[in-house]
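So you can see what is in the structure, the chains are spelled out below.
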Amino acid sequence: MLGRIIGLALAVALWGAAYVILNPGGLDGRIPAVGLGAFESVRLGLGIAAGLLGAALAAAALMRAPERPPARDRLAPLIDAHEGEADGLDPSDEPLPFSSASATAPLQAPTLEAEPAPFPLELDTGVQPTPPVVVQAELAPEPEPEVAAMPAEPEPEAAAESPPPEDFDAARDALRRHARDEAWGPASLALQRVEALAQDDRQHALAAQDAGDFSRAQGKTDDAIEAYDLALAHARMTGQQDLIADALINAGDMAYEEHRLDAAVENYEAAVALRRDLAQAVGTAEPRRALSIALERLADAREDRGHRSRALDLYRESEALAAELAEADAARYGGDLAATRQRLEELEARILA
């Protein structure tokens, strides 16, 4: 019913459009003339087409839909009544089963004939049958059950010695080797072994730091930040200044890469303070080189914040440390001095520009 109403409404709308097209300014000027633009030359054809389409919609809406045949009963027999029509047989002519019997007539039980007597088994031969001789067999006495001897239990073999657990440092070396080769599948397995072998806070801090390096190398920034934060938490629990400084440098690097310069400066300054204490307390080459690297990280972050003068002072301090190290061992630390001087010259050029 709704479809018919919609069809009639569309038909009336098309008839109205046809009238407007064929009679511009009709009804004594009440209907404004509608310009057809490029289709002005075929105005008559468009009007007739709209009228015919409206008539078709009206006819389709007013015509009675054909009645659908009744649905087939779901409980109909499995044998279709149309079977046999292909052979020229009328299904109505087929005899029904038990057609001669009335539906209400009582059924009579069939009369059972007497069974014939069985064939006689006795034969008239005149020979008396010999009675069977019963032989009693003497049963031998049952032997006494023998008790089966239980097999001797084998002596327990010496338990095989379990292989020694893998060393934590060896697992870290394998992880770094796979990471250098960019074999990320074996590196992932090695990282899982490192995390499984970690026992105390120091090893947990190192394992988390390795996880951060692994995620950072693959560009997974969020995972790297989470791992470095965990490493910093374990490092603080150990109280070891060198481990805390490394964790602070990693946290500052992630903040610097995300342009969170305030957090980067805060982490770098804390790391520089720890590195100064270690360099003064130990006085060997490696703590001083670590201090030089931390100074340059802090200088880069301060330069990006606009503190170029402070950054210049930090680079000059780093250059002095690198020069002392290169003077003691030019083969090992000469490259660090050259890189520091190059960055210092670039910063001075930017300041003077």
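Going by the structure above, here's the rest.
The following paragraphs examine the structure supplied in this document. (Residues numbered from 1 in each chain as written. Predicted model: local features only at pLDDT ≥ 70, side-chain atom pairs only at ≥ 80, totals over all residues. Heavy atoms only, no water.)

Quick look at a nonpolar patch on the surface now. Taken together, L44, I48 and L52 make up a surface patch of nonpolar side chains, about 310 Å² in accessible area. By secondary structure assignment, the location of L52 is in helix 3 (residues 43-62). (Patch = residues over 30% accessible without salt bridge, like charges linked within 9 Å, V, L, I, M, F, W, Y side chains within 5 Å. Areas by Shrake-Rupley, 256 points an atom, 1.4 Å probe, with all protein chains shown as cover. Salt bridge = Lys/Arg side-chain N within 4 Å of Asp/Glu carboxyl O. Helix = DSSP H or I, 4+ residues; strand = E, 2+ residues; numbered from the N terminus.)

This paragraph deals with unusual backbone geometry. Working note: non-glycine residues mostly have negative phi, and peptide bonds are mostly trans. Even without a glycine there, the phi angle at E182 is positive, about 55 degrees. Assessed through its relative accessible area of 58%, E182 is described here as exposed. Positive phi outside glycine occurs at H259, with the angle close to 60 degrees. Within the fold, H259 resides in the loop between helix 8 (241-257) and helix 9 (261-282). A residue is classified by how much of its surface remains accessible, and H259, at 69% relative accessible area, is exposed. (Buried < 20%, exposed > 50% of the residue type's maximum accessible area, 1.4 Å probe, protein only.)

Right, let's get into a negative patch on the surface. A surface patch of negative charge is lined by D222, D223, E226 and D229. As for its placement among the helices and strands, D222 is situated in helix 7 (residues 221-238). (Lys, Arg positive; Asp, Glu negative; His and termini not counted. Charge placed at Lys NZ, Arg CZ, Asp CG, Glu CD.)

Along the chain, A227 turns up in helix 7. Residue contacts for A227: discarding those within four places in its chain leaves A208, A211 and G212. (Contact = heavy atoms within 4.5 Å.)

Moving on to the packing of aromatic side chains. Two aromatic rings are characterised by how far apart their centres lie and by the angle between their planes. Counted according to the given criterion, the structure contains 1 aromatic pair. Consider the rings of W184 and F214, whose centres lie 5.8 Å apart with planes at 75 degrees: the pair is edge-to-face. Taken together, the positions of W184 in helix 5 (residues 184-197) and F214 in helix 6 (residues 201-217) put the pair 30 residues apart, joining distant regions of the chain. (Phe/Tyr/Trp six-rings, centres within 6.5 Å; stacked < 30°, edge-to-face > 60°.)

This next bit is on the pattern of salt bridges. What the rule picks out here adds up to 17 salt bridges. Measuring nitrogen to oxygen at the nearest pair gives 3.4 Å for the salt bridge that ties R305 to D262. Of this pair, R305 sits in the loop between helix 10 (285-304) and helix 11 (308-328) while D262 sits in helix 9, and the two are 43 residues apart along the sequence. Note on R305: relative accessible area 36%, which makes it partly exposed. With a relative accessible area of 54%, D262 lands in the exposed category. In the salt-bridge network here, residues are joined through shared partners; they are R216, D253, E257 and R297.

Turning our eyes to something else, we now look at helix 4 (residues 168-180). An α-helical segment advances 3.6 residues per turn. Residues three or four places apart therefore align on the same side. Helix length check: helix 4, at 13 residues, gives a terminal C-alpha distance of 19 Å against a target of 18 Å (1.5 Å per residue), a fit within 8%. Turning to helix 4, its buried residues are F168, A171, R172, A174 and L175. Here the buried residues of helix 4 occupy an arc of 160 degrees about the axis, which is enough to place them on one side. Where helix 4 is buried, its residues meet helix 5 and helix 6. In this structure D167 caps helix 4, since a side-chain oxygen of it lies 3.2 Å from the backbone nitrogen of D169. (Expected span 1.5 Å × (residues − 1). Arc of directions from axis to C-beta. Polar contact = N/O pair within 3.5 Å; in protein donor to acceptor, adjacent residues only side chain to side chain.)

Looking now at helix 5. Taking 1.5 Å of rise per residue, the 14 residues of helix 5 would be expected to cover 20 Å, and the 20 Å separating its terminal C-alpha atoms lies within 8% of that figure. Looking at the packing, one finds that the buried side of helix 5 touches helix 4 and helix 6.

Honestly, that's just the spatial picture; any functional story needs more than this.
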